[in-house]
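Listed below, chain by chain, are the residues.
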Amino acid sequence: SGCDTTLALGPPPSPSGHKMIASAAFAFSGGDRPWMSTADTPAQRAATLVQHMTLAEKIQLTHGSCGGYVGNVCGIGRLGVPAIKMNDGPQGFRDNAHPGSSTAWPCSLAIGATFDRSAAEAWGAAMGDEFFRKGANVQLGPGVCLARVPRNGRNFEYISGEDPHLGYEMVQPAVRGIQGAGVVANAKHWANNNQETDRTSVDEEVDERTQFELYYPPFEGAIAAGVGSAMCSYNKIRTRWSCENPETLQRDLKERLGFRGWVMSDWGATHSMSLAQGLDQEMPGADFMNAAAIEAALDSGEVDASRIDDAALRILTPLFGVGAFDINNTNTQRNNVSTPAHTALARSLAARSVVLLKNNGVLPLDRTAPLRVALFGKSARAPVVGGGGSGAVVPAFVPSPYDAIRARLGLSAGTGDCGLLDASEAGGPCVAQSDGDDTVAAYELARRSDVAVVFVATSSGEGSDRASLSFDGNADLLVRAVAAAKGRRTVVACVAPGAALTPWAGEVGAVTYAFLPGQEYADGLADVLFGDVNPSAHLPLTLPRAENEVGFTDAMWPGVGDKQRVASYSEGLLVGYRWYNAHNATPAFPFGHGLSYTTFALAGLRASPTRVTVTVTNTGRRPGAAAPQLYLTFPPSAGEPPGQLRGFAQAQLQPGESAEVRFPLRARDMSVWNATTHAWQLVHGSFGVAVGLSSRDAAALRGAFRSP
């Protein structure tokens, strides 16, 4: 069957090119099997192998077969071709058959919120390592689609947030991390998988310029990093199914964007034998891309034999690239691949992805003070840490914020439970917790505390969009009841799969915001609340003041039509913060916003068509990480939204320390897509420059330059 059966937990691939040879079953002499020569490039090795394959063997690569894993393609023993073992998902190895045997990492959107490329690479490398040690050689992630619809059920799966440049930059280290661990990454979902409502039938009507300027760049980032595979989506694009659309698959992805890996269908998203249209592999079976259909297409001339070779090359080259031919990976899904090091990394990433939206000085909490802390909300004991569907991972254990905060205060089991926080109680710190169903009782408990922390949360999953942007249950009433008693000593800890409404933000002292932060959220949040970690994350999408603040009509989302739902992208380029900028509208919290326990100052702006430079200084009393962001405004003649992200950086600074931050610019950064010439066109004229700590930073440095 090509499926491994041994329980041996083998080592991850060698970081020096995966050249170790572990089994005679896969180690062949260069003379007998010349494609096994590691002196050749992966592309050369794949081309040599294809020359030795029969038509039947090539066709075998174009569809799912065998069993095990989420998707599997049988190996070819005659040639030493390993089985292709694919598994969900973008937040870690989904293994419902062996729950608790892999790490539930922070979601892709949480990693996007770090604005930190090193975080993305560490996240990718650790996930890739777990996939490898589960025996898989393809990870079905990262997700890179844009958060066009705030209520999209899968926004948490996508690292791009609402900005194409953020996605372009952040996906690259994630892909490098995954593939550096010996596992092929998969950029998904190509393209316009921006809603779950009727996702298997909706027709997304998007104009060419909008595609290239907004929805394609994150995939370009993955391509720039050498991603080995991509997954086409369920939806239609301009009346044609995504997985049989020659304009988006063959022309745009492969020819215009230069993608050299293979395109697999989403599971069940194939509707025809679509090799000629650009699909390379049907998953998970062979309803359409089977031997009989492909041979008939060859006989009729619908498909040329060279296209079969092309598909085989596209599939085999990335497998050679990650070392799948050179390392006999005998690991299986039964292995428990979570490690103490991965748990520690998951905690660090959870903390680094927490956005501090507001702080009047109540944070960080003083662990040495005899604080009476009141915790509210069901998620204080049962935190929401992940989403549903293919992005779900069942962790072995999920710590609670209640336990994490008690531990941070030095409280052992059986001590420090201050119940109703009787004012007569003396001594050290104590913690009380209420689920918050009774808001009158919550008010009273908050009144007797020194500090109140309210936990609010909501989640989402594959298959449906969110019913609203509100947090679950009585969250808003609970926050307001606690804030009425405690005011500026109220902290609200939010968890969401994307944007959510915070109507009470002006009534509380501090707000933290986490995007489905994974199994180690509780300890990561405690690290932030008590100042062990200085928050450094920034919003990868806008938090609105109201439902549908951007004014989507039904025709725009979820689409209209009796026989065929059509979603019109008539907003064009005005997605996310671009809409707010173009309409001079003020959101609750803008894209790029995120506070720290220290302060930063920017100075010395210098701008040219090739580089923008600033100096950032830590003007506070704590070490911290600044994330200066570069926004460009095109000349009016370009017809572009104002203030578009074109650069960001992380600068770790000690108090009083300064660093020069350089943002390189490409001609592409000053270009628009010309739908007439079907090419990028450099815009000439004066470009506005703003460098700040968010997209709406009033203290941003401003300047200009003229493009050549």
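Scroll up to find the structure.
Position labels on residues start from 1 in each chain and follow its written sequence. Side-chain atom pairs in this predicted model are given and counted only at pLDDT of 80 or more, local residue features only at pLDDT of at least 70, and totals for whole chains, interfaces and linings cover all residues. Computation of side-chain values: all heavy atoms of the structure, hydrogens and water removed.

1. Digging into the sheet that holds strand β16 (residues 566-568)
To be explicit about the condition: Note: two strands are recorded as paired if DSSP finds a minimum of 2 bridges between them. Going along the chain from the N terminus, every DSSP run of H or I of four or more residues is numbered as a helix, and every run of E of two or more is numbered as a strand.
As summarised here, the arrangement of the four strands in space is β8-β7-β5-β16, forming an open sheet in which the pairing is mixed. Strands with a single pairing partner mark the edges of an open sheet, and in this sheet they are β8 (240-241) and β16. Where strand β7 (residues 236-237) lies against β8, two bridges are found, and the strand directions are antiparallel. Residue pairing for β8: K236 is matched across the bridge by W241.

2. Considering the state of the cysteines
Disulfide: a covalent bond formed between the sulfur atoms of two cysteine residues. Selection rule: By definition, disulfides here are pairs of cysteine sulfur atoms that lie within 2.5 Å. Only protein chains enter the accessibility calculation, which uses a 1.4 Å probe; a residue whose area is less than 20% of its type maximum is buried, one above 50% is exposed, and one in between is partly exposed.
Summed over the entire model, instances satisfying the criterion amount to two disulfides. Between the sulfur atoms of C66 and its disulfide partner C74 the distance amounts to 1.8 Å. Because the torsion about its S-S bond is 115 degrees, the bridge between C66 and C74 counts as right-handed. Owing to a relative accessible area of 34%, C66 belongs among the partly exposed residues under this scheme. In this structure C74 comes out as buried when scored by relative accessible area, which is 18%. Each disulfide pairs two cysteine sulfurs, and for C232 the partner residue is C243, the sulfurs being separated by 2.1 Å. Since a negative S-S torsion denotes a left-handed disulfide, the C232-C243 link at about 110 degrees is right-handed. Taken together, the positions of C232 in strand β6 (residues 229-232) and C243 in the loop between β8 and α8 (247-256) put the pair 11 residues apart, joining distant regions of the chain. Residue class for C232 comes out buried when judged on its relative accessible area of 0%. Taking the relative accessible area as the measure of exposure, C243 reaches 1% and is therefore buried. The thiol of C107 is unpaired, and the distance to the nearest cysteine sulfur, on C145, comes to 14 Å. You can call C107 buried: its relative accessible area is 1%.

3. Observations regarding empty space enclosed by the protein
Quick note on the threshold: Whether a set of points on the 1 Å grid over the protein atoms alone is a cavity depends on a 1.4 Å probe fitting there but being unable to get out, while an open set qualifies as a pocket with protein on both sides within 12 Å along at least five of seven lines; lining residues are those with an atom within 4 Å of a point. Grid points are joined across faces, edges and corners, and a volume is the space filled by probe spheres set on the points. For this scheme, ten residues count as nonpolar: Ala, Val, Leu, Ile, Met, Phe, Trp, Tyr, Cys and Pro. Four count as charged, namely Asp, Glu, Lys and Arg, and the remainder, Gly too, count as polar.
This structure, assessed with the given rule, holds five cavities of 30 Å³ or more. Taken as a whole, the largest cavity encloses approximately 220 Å³ of empty space. Elements represented by at least two residues in the lining of the largest cavity include exactly α5 (164-180), α6 (208-215), β21 (644-648) and β24 (671-674). Its residues assigned to classes, the lining of the largest cavity comprises 10 nonpolar, three polar and seven charged.

4. Considerations on the nonpolar core
What counts is decided by this rule: By nonpolar core is meant a set of buried Ala, Val, Leu, Ile, Met, Phe, Trp, Tyr and Cys residues that side-chain atoms within 4.5 Å join together. Contacts between residues were defined by any pair of non-hydrogen atoms, one from each residue, lying within 4.5 Å.
Among the nonpolar cores identified, the biggest contains 95 residues, and L49, I84, M86, M264 and L316 are the most heavily contacted of them. In contact with M86, other than residues within four places in its own chain, are Y69, V70, G71, V73, V138, L140, W262, M264, W267, Q281 and M283.

5. So, the pairing of strand β18 (residues 611-618)
Burial runs high along β18: six of the eight residues are buried. As defined by bridge partners, strand β17 (residues 600-607) adjoins β18 across six bridges and the pair is classed as antiparallel. Residue pairing in the sheet places R606 in a bridge with T613 of β18.

6. With respect to the sheet that holds strand β2 (residues 84-87)
Read across the open sheet, the three strands follow the order β1-β2-β3; overall the sheet is mixed. Unpaired on one side and paired on the other, β1 (71-73) and β3 (138-139) mark the two borders of the sheet. Strand direction decides the pairing type here: β2 and β3, joined by two bridges, are parallel. Each residue of the ladder has a partner; that of M86, found in β3, is V138.

7. Brief notes about the packing of helix α11 (residues 340-352) against helix α15 (residues 521-529)
Applied cut-off: Convention adopted: a line fitted to C-alpha atoms gives each axis, helices being fitted over their contacting stretch, and angles between N-to-C directions are expressed from 0 to 180 degrees. Comment on the angle field: the value is read as roughly parallel under 35 degrees, roughly antiparallel over 145, roughly perpendicular from 65 to 115, and oblique elsewhere. With the far helix as reference, a near helix turned anticlockwise by less than a right angle produces a left-handed crossing, and one turned clockwise produces a right-handed crossing.
One can describe the packing of α11 onto α15 by two numbers: an axis separation of 8 Å at closest approach and a directional angle of 50 degrees. On the basis of their axis angle, the class for α11 and α15 is oblique. The chirality of how α11 crosses α15 is right-handed. Residues R347, A350 and A351 of α11 form the contact with α15, whose participating residues are Y521, D523, G524, D527 and V528. Along the lines of polarity and charge, the residues of the contact of α11 with α15 split into four nonpolar, one polar and three charged.

8. What about the environment of D417?
Residue placement: D417 occurs in the loop between α12 (401-408) and β12 (430-434). Once the C-alpha coordinates of D417 and V373 are considered, the two residues, 44 residues apart in sequence, prove to be 9.8 Å apart. Apart from the residues within four sequence positions on either side, D417 is in contact with R406 and V431.

9. So, the packing of helix α1 (residues 42-51) against helix α10 (residues 305-321)
A pair of packed helices is captured by two measures, namely the crossing angle of their axes and the spacing between those axes. Remark: α1 packs on α10, axes separated minimally by 8 Å, with the N-to-C direction vectors making an angle of 135 degrees. The orientation of α1 with respect to α10, classified from their angle, is oblique. For the element pair α1 and α10, the recorded crossing hand is right-handed. Judged by residue contacts, P42, A43, R45, A46, A47, L49 and V50 of α1 engage D309, A312, L313, L316, T317, F320 and G321 from α10. Considering only residue class, the contact of α1 with α10 consists of 10 nonpolar, two polar and two charged.

10. Things to note about helix α9 (residues 291-300)
What counts, and what does not: In protein, a polar contact requires one atom able to donate a hydrogen and another able to accept it; more generally it is a pair of N or O atoms within 3.5 Å, and residues adjacent in sequence count only if both atoms are side-chain atoms.
Two or three places before A292, at the opening of α9, N290 has a side-chain oxygen 3.3 Å from that residue's backbone nitrogen. Among the residues trailing α9, G301 stands out with phi positive, at a value near 90 degrees.

11. Quick look at the pattern of salt bridges
Quick note on the threshold: In the sections that follow, a salt bridge refers to a side-chain nitrogen of Lys or Arg positioned within 4 Å of a carboxyl oxygen of Asp or Glu.
Counted under the stated rule, the structure contains 39 salt bridges. The salt bridge involving R154 is made with E462; its shortest N-O contact spans 3.4 Å. Within this pair, whereas R154 is found in the loop between β3 and α5, its partner E462 is found in the loop between β13 (451-457) and α14 (475-486), the two being separated by 308 residues in sequence. Judged by its relative accessible area of 1%, R154 is buried. A salt bridge links E444 to R448; the shortest N-O distance between them is 2.9 Å. For E444, a relative accessible area of 27% gives the class partly exposed. Overall, R448 belongs to the partly exposed group, its relative accessible area being 31%.

From the geometry alone we can't say anything about function, so treat these as descriptive.
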